[in-house]
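# Remarks on the overall topology
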Amino acid sequence: MSDIEIRDDRAGGRLEAFAGDEVVGHIEYFVLEAPARALVPVHTIVEPEHEGRGIAGSLARELYAIAAREGIVVAPLCPYVVKWAARHPEEAPAADPQLLEAAVEWLKAHPGRF
């Protein structure tokens, strides 16, 4: 994994894993503002030729680290991130169910976003 660099494209709503100049995986997310500020991952994608290298896990770990540095939470809707968080509760505190409900409502209100 030392050849992978993770970059946050907040404006684009993507946390991207790079191998050199090539994006080899990413998490698509949005920032929920109410009822509380949260990062909401929706999709995790790793290019097939890069699967099995721990890229998705590294992306999930970095998303939670970013949230911790910003003093906010992650409200995961992405099935991969939900599973990753369940396996790493020390790094991925559970989100308030109210935030998860608000995130689902945000997605319904923005059908073309993802």
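Reading the values: the criteria
All chains use their own residue numbering, which begins from 1 and follows the written sequence. Local features in a predicted model are, by the rule used here, given only for residues with pLDDT of at least 70; side-chain atom pairs are given and counted only at 80 or more, and totals for whole chains, interfaces and linings are based on all residues. Note that water and hydrogens are dropped before the side-chain values are worked out from all heavy atoms of the structure. Side-chain rings of Phe, Tyr and Trp, where Trp is taken by its six-membered ring, are said to pair if the distance between their centres is within 6.5 Å; with planes under 30 degrees apart they count as stacked, over 60 as edge-to-face, and otherwise as tilted. Only DSSP runs of H or I with at least four residues qualify as helices, and only runs of E with at least two residues qualify as strands; both kinds are numbered from the N terminus onward. Working definition: with a 1.4 Å probe on protein chains only, accessible area under 20% of the residue-type maximum means buried, over 50% means exposed, and in between means partly exposed. Placement of a charge over a ring requires the Lys NZ or Arg CZ to be within 6 Å of the ring centre, with the centre-to-atom vector within 35 degrees of the ring normal. UniProt positions are given in the numbering used here, feature names are shortened, and annotations may be inferred rather than shown by experiment. In the sections that follow, a salt bridge refers to a side-chain nitrogen of Lys or Arg positioned within 4 Å of a carboxyl oxygen of Asp or Glu. Here, strands pair whenever DSSP counts at least two bridges between them.

## A closer look at the packing of aromatic side chains
Inspection of every chain in the model, using the stated rule, returns three aromatic pairs. Consider the rings of phenylalanine 30 and phenylalanine 114, whose centres lie 6.0 Å apart with planes at 45°: the pair is tilted. With phenylalanine 30 in strand 3 (residues 22-32) and phenylalanine 114 in the segment after helix 3 (97-109), this residue pair connects regions lying 84 residues apart in the sequence. Where tyrosine 64 meets tryptophan 84, the ring centres are 5.8 Å apart and the plane angle is 25°; that geometry is what we call stacked. Here tyrosine 64, found in helix 1 (residues 55-70), pairs with tryptophan 84, found in helix 2 (residues 79-87); they are 20 residues apart in sequence, far enough to count as distant. Considered together, tyrosine 64 and tryptophan 84 belong to a single accessibility category, that of buried residues. Clustering of aromatic rings is evident, with ring pairs tying together Phe30, Trp106 and Phe114. Here the basic side chain of arginine 7 rests over the ring of phenylalanine 18, its NZ or CZ set 3.7 Å away from the ring centre.

## Examining the UniProt feature "domain: N-acetyltransferase" (unreviewed entry) in the protein chain
Residues given the UniProt feature "domain: N-acetyltransferase" (unreviewed entry) here are residues 7-96. Between the end C-alpha atoms of residues 7-96 there is a gap of 27 Å, over a span that is 28% helix and 34% strand.

## Focus on the pattern of salt bridges
Taken as a whole and judged by the stated rule, the model has ten salt bridges. Residues arginine 10 and glutamate 70 are paired through a salt bridge, measuring 2.7 Å at the closest nitrogen-oxygen approach. With arginine 10 in the loop between strand 1 (4-9) and strand 2 (14-19) and glutamate 70 in helix 1, this residue pair connects regions lying 60 residues apart in the sequence. The exposure class assigned to arginine 10 is partly exposed, which follows from its relative accessible area of 28%.

## A look at the sheet that holds strand 1
An order of 1-2-3-4-5 is seen for the five strands of this open sheet, with the pairing classed as mixed. The open sheet terminates on both sides in strands that have one partner only, identified here as strand 1 and strand 5 (73-74). In this sheet, strand 5 lies alongside strand 4 (residues 38-46) in parallel orientation, the contact comprising two bridges. Within the sheet, the bridge partner assigned to alanine 38 lies in strand 5 and is valine 73.

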